[in-house]
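Coordinate inspection notes
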Amino acid sequence: MDDVFWGYNKCHILDRLRLDGKVAYVTGGGQGIGRAFAHALGEAGAKVAVVDLVLAKAEVVAEELSLKVHPSPLLHRILQYHQSCSFIQESGILPSGSVF
């Protein structure tokens, strides 16, 4: 038997795709594909920060995630990209090096 049968290092593919302990920062997460990615990442175990220009849409998705998986660390309305990055760094929401 080989890695295809047993999984690489005896770890099955779905276990290797888990995102436990990771943080996902999903821009455009309030609707469409961003919403779908937020749900997928949350289901895979990541803590999801839902970000959207329309704060109400981000709040709805964050509420969906909290019912389904776990609460989002924070909601924030982006005015400009560099402002949101500075905000995230200064707030301590995401430890250095944890964003993927």
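Residues numbered from 1 in each chain as written. Predicted model: local features only at pLDDT ≥ 70, side-chain atom pairs only at ≥ 80, totals over all residues. Heavy atoms only, no water.

This paragraph deals with the pairing of strand 2 (residues 47–52). Of all six residues making up strand 2, five are buried, and the element is well covered by its neighbours. Across five bridges, the pairing between strand 1 (residues 23–27) and strand 2 is parallel. Looking at strand 2, one finds that T27 is bridged to V51. The handedness of the strand 1 to strand 2 crossover, carried by helix 3 (residues 32–43), is right-handed. (Buried < 20%, exposed > 50% of the residue type's maximum accessible area, 1.4 Å probe, protein only. Helix = DSSP H or I, 4+ residues; strand = E, 2+ residues; numbered from the N terminus. Pairing = 2+ DSSP bridges. Right-handed = clockwise from strand over helix to strand, strands pointing away.)

Attention shifts here to a nonpolar patch on the surface. A contiguous nonpolar surface patch, about 400 Å² in accessible area, is contributed by M1, F5 and W6. As for its position among the elements, W6 is in helix 1 (residues 3–6). (Patch = residues over 30% accessible without salt bridge, like charges linked within 9 Å, V, L, I, M, F, W, Y side chains within 5 Å. Areas by Shrake-Rupley, 256 points an atom, 1.4 Å probe, with all protein chains shown as cover. Salt bridge = Lys/Arg side-chain N within 4 Å of Asp/Glu carboxyl O.)

Our next topic: the packing of helix 3 against helix 4 (residues 55–68). Where helix 3 contacts helix 4, the two axes come as close as 10 Å, and the packing angle between them is 25°. Taken together, helix 3 and helix 4 sit at an angle that is classed as roughly parallel. Regarding helix 3 and helix 4, the two cross each other, and that crossing is right-handed. Of the residues in helix 4, those in contact with R35, A38, H39 and E43 of helix 3 are V61, E64, L65 and K68. The residue inventory of the contact of helix 3 with helix 4, partitioned by class, reads three nonpolar, one polar and four charged. (Axes fitted to C-alpha atoms, helices over the stretch in contact; angles between N-to-C directions. Parallel < 35°, antiparallel > 145°, perpendicular 65-115°, else oblique. Left-handed = near helix turned anticlockwise from the far one by under 90°. Contact = heavy atoms within 4.5 Å. Nonpolar A, V, L, I, M, F, W, Y, C, P; charged D, E, K, R; others polar.)

In this section: the nonpolar core. Judged by nonpolar contacts, the single largest core of 13 residues is most densely connected at V26, A38, L41, V48, V50 and L65. For this core, the elements supplying multiple residues, two or more each, are strand 1, helix 3, strand 2 and helix 4. Considering each element in turn, this core owes the most residues, four residues, to helix 4. Setting aside chain neighbours within four positions, we find A38 in contact with V26, V48, V50, V61 and L65. (Core = buried A, V, L, I, M, F, W, Y, C linked by side-chain atoms within 4.5 Å.)

Counting across every chain of the model gives three salt bridges. Between R18 and D20 there is a salt bridge whose closest N-O contact spans 3.0 Å. Since its relative accessible area comes to 39%, R18 is described here as partly exposed. Across the salt bridge formed by R35 and E64, the nearest N and O atoms sit 3.0 Å from each other. Taken together, the residues span a long stretch of sequence, with R35 in helix 3 and E64 in helix 4 at a distance of 29 residues. For E64, a relative accessible area of 22% translates into the label partly exposed.

Over its 12 residues, helix 3 extends 17 Å from the first C-alpha to the last, a length consistent with the 16 Å expected when each residue adds 1.5 Å. Along helix 3, the residues classified as buried are G34, A38, H39, L41 and G42. Buried residues in helix 3, looked at end-on, bunch into an arc of 165°, giving them a common side. Facing away from the buried side of helix 3 by more than 90 degrees, the exposed set consists of G32 and I33. Trailing helix 3 by a residue or two, G45 shows a phi angle of about 110°, which is positive. (Expected span 1.5 Å × (residues − 1). Arc of directions from axis to C-beta.)

Shape is all these values report; function is a separate question.
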